[in-house]
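Each chain is listed here by its residues.
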Amino acid sequence: MPGKVFVNRTLNLKKIRYIGVDMDHTLVRYNSENFERLSHTTMINKLVKRGYPETLRKLTFDYNFAIRGLVIDRKMGNLLKLNRYTAIRASYHGLKPLDFKSHQKLYKSTYIDLSNTDYLAVDTSFSISLANLIAQIVELKDTDVGNKYPEYSQIADDVLDALDEAHRDGSLKDEVKKNLEHFIIKDPELVAGLEKFRRHGKKIFVLTNSDFHYTKLLLDYAVQPFLKEHQSWQDLFEIVITFASKPKFFYESQKYLRVNPADGTMTNMEGKLTPGIYQGGNAKKFTADLELAGDDILYIGDHIYGDILRLKKDCNWRTAMVIEELSVEVDNNKAAEPLNQEIEILMRKKEPLEDELTDYMTRKIEKVGTVSEQQVETLQKSISEIDSQISQLIKKQQLMYNSNWGQLMRAGNEESYFAYQLDRYACVYMEKLADLLELSPRTYFRAPRRPLAHEIY
């Protein structure tokens, strides 16, 4: 594993001609907790204006309540964590976990169909406040008898609509503009890495859903001051595409508009793409005009659906994903390793006992030979005692991660659905863009050989 970049499939940076980066949370890093708290407050203000009780203003934001990769059951008002097969492995109603009986009554062995509109994915860092607020209002609906609240599905729709409106009308970005230092993290090493990649002949482009004026503000603040080999970020980036409407950029034929960097005015674009600043556009013209194949482009973003999944399906560009929670997850994995080893030892102790019990019970049912009931009881007791020890260790292990949901990348022993999507669609992934840029632009990422089940039997 070169550096701090994790590899799902082979990627040769030497062969990459164009490197594309999303802006928000990728090229420009946010203080996510501060931004999500702002998002939480903004959504509440919008909901109260729409008729929700003033009680909402008393709600406080809990950044650690939810994690990325959860799914909201709009109909039931529940938050769910899925494994790679979309089976539910943890569930909350409001702010409380569903007990086993309640969970079984609602879901039994349900596999979630994420194409069903009853379910809403929490798949970006922007969604943490969304999940938190939906859960809080569901809790109020169940407990706040002095006020009336809509049905669970309407609550989810209203909160999502408030968040979308906050992004559309500038409510969030206007606050960011007022206090850039509070919301935006400057990273000189990232800028140095970009210039290093340019020295090696890599063309770098920005592809963002943000408008030109906001893009300019953030690049002026987070990139411009640290340039040493370029006069401005306009020289650093070959092409900047704003208001890209991802993921539509990857599969629709939106037209390009050329943006005048002096004042942000736009004109219709004629002919082929050339270095400059644009609005809108589409991936098909981008690759055709620049005479690029999919393997010539590496695109890096933080949104599993908008940046990675649809891109991989529709364009076949190479993909990299930024996951800011990754460093904490890795540190927790290391800290939890002694517990994992204890669990593994107990599992190895339990397995032969289970095999022996299976043999006893099989012979008993098939009436083959004599089966000692005392021995059966002894085995069952021993297995239960080991299970109890394992259960306590698992609880300790889970507390080393998010106290409500455990690991980001796992659901119990299985991969989480978020990890499954990451594994399937991202060639490489990292905590921050600077992790990739600190490596050589000629780095060869070799995918690890993964043993199949029968190979480790």
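Structure report, in brief. (Residues numbered from 1 in each chain as written. Predicted model: local features only at pLDDT ≥ 70, side-chain atom pairs only at ≥ 80, totals over all residues. Heavy atoms only, no water.)

## A word on the layout of surface pockets
The computed volume of the second largest pocket comes to approximately 1,000 Å³. Forming the walls of the second largest pocket are 33 residues, and the residues nearest its centre are I394, Q397, Q398, G412 and N413. The residue inventory of the lining of the second largest pocket, partitioned by class, reads 12 nonpolar, 11 polar and 10 charged. (1 Å grid on protein atoms, 1.4 Å probe; cavity = no way out; pocket = protein on both sides within 12 Å on 5 of 7 lines; lining within 4 Å. Points joined across faces, edges and corners; volume = space filled by probe spheres on them. Nonpolar A, V, L, I, M, F, W, Y, C, P; charged D, E, K, R; others polar.)

## Describing the nonpolar core
Counting 51 residues, the largest nonpolar core has L27, I184, F237, I300 and F445 as the members making the most contacts within it. Residue contributions to this core peak at 6 residues, all from helix α8 (residues 212–222). Counting residues in hydrophobic clusters, the runner-up holds 32 residues, among them I44, I67, V122 and W405. (Core = buried A, V, L, I, M, F, W, Y, C linked by side-chain atoms within 4.5 Å. Buried < 20%, exposed > 50% of the residue type's maximum accessible area, 1.4 Å probe, protein only. Helix = DSSP H or I, 4+ residues; strand = E, 2+ residues; numbered from the N terminus.)

## As for the packing of helix α12 (residues 304–314) against helix α15 (residues 417–425)
Closest axis-to-axis distance for the α12/α15 pair is 10 Å, and the angle between their directions is 40 degrees. Between α12 and α15, the angle falls in the class oblique. Between α12 and α15 the crossing geometry is left-handed. Side by side, α12 and α15 meet where I304, I308, L309, K312 and K313 of the first sit next to F418, Q421, L422 and Y425 of the second. Within the contact of α12 with α15, the residues separate by chemical class into 6 nonpolar, 1 polar and 2 charged. (Axes fitted to C-alpha atoms, helices over the stretch in contact; angles between N-to-C directions. Parallel < 35°, antiparallel > 145°, perpendicular 65-115°, else oblique. Left-handed = near helix turned anticlockwise from the far one by under 90°. Contact = heavy atoms within 4.5 Å.)

## Focus: the environment of Q254
Relative to the elements of secondary structure, Q254 occurs in the loop between α10 (248–251) and β13 (256–259). What makes Q254 buried here is its relative accessible area of 19%. Residues Q254 and K285, spaced 31 residues apart in sequence, show a C-alpha to C-alpha distance of 9.6 Å. Setting aside residues up to four positions removed in sequence, Q254 forms contacts with A244, S245, K248, F249, G281 and N282. Polar contacts involving the side chain of Q254 include one to the main-chain carbonyl oxygen of A244, which spans 3.3 Å. (Polar contact = N/O pair within 3.5 Å; in protein donor to acceptor, adjacent residues only side chain to side chain.)

## Looking at the sheet that holds strand β5 (residues 70–73)
Strands belonging to one sheet form pairs held by backbone hydrogen bonds; the direction of such a pair is parallel or antiparallel. One open sheet accounts for 5 strands, arranged β8-β7-β6-β5-β9; its pairing is antiparallel. Each edge of the sheet is formed by a strand with only one pairing partner; in this case those strands are β8 (96–97) and β9 (119–122). Both strand β7 (residues 88–93) and β8 contribute to a ladder of 2 bridges, which runs antiparallel. Within the sheet, the bridge partner assigned to H93 lies in β8 and is K96. (Pairing = 2+ DSSP bridges.)

## A word on the sheet that holds β13
On the basis of which strands lie adjacent, the open sheet formed by 10 strands has the order β1-β20-β17-β16-β3-β11-β12-β15-β13-β14 and mixed pairing. In this open sheet, the two strands that pair with only one neighbour each are β1 (6–7) and β14 (266–268). Of the pairings in the sheet, the one linking strand β3 (residues 18–21) to strand β11 (residues 203–207) comprises 4 bridges and is parallel in character. Residue V21 lies in a different strand from β11, and its bridge partner there is V206.

Without other data, these values stay purely geometric and don't point to any function.
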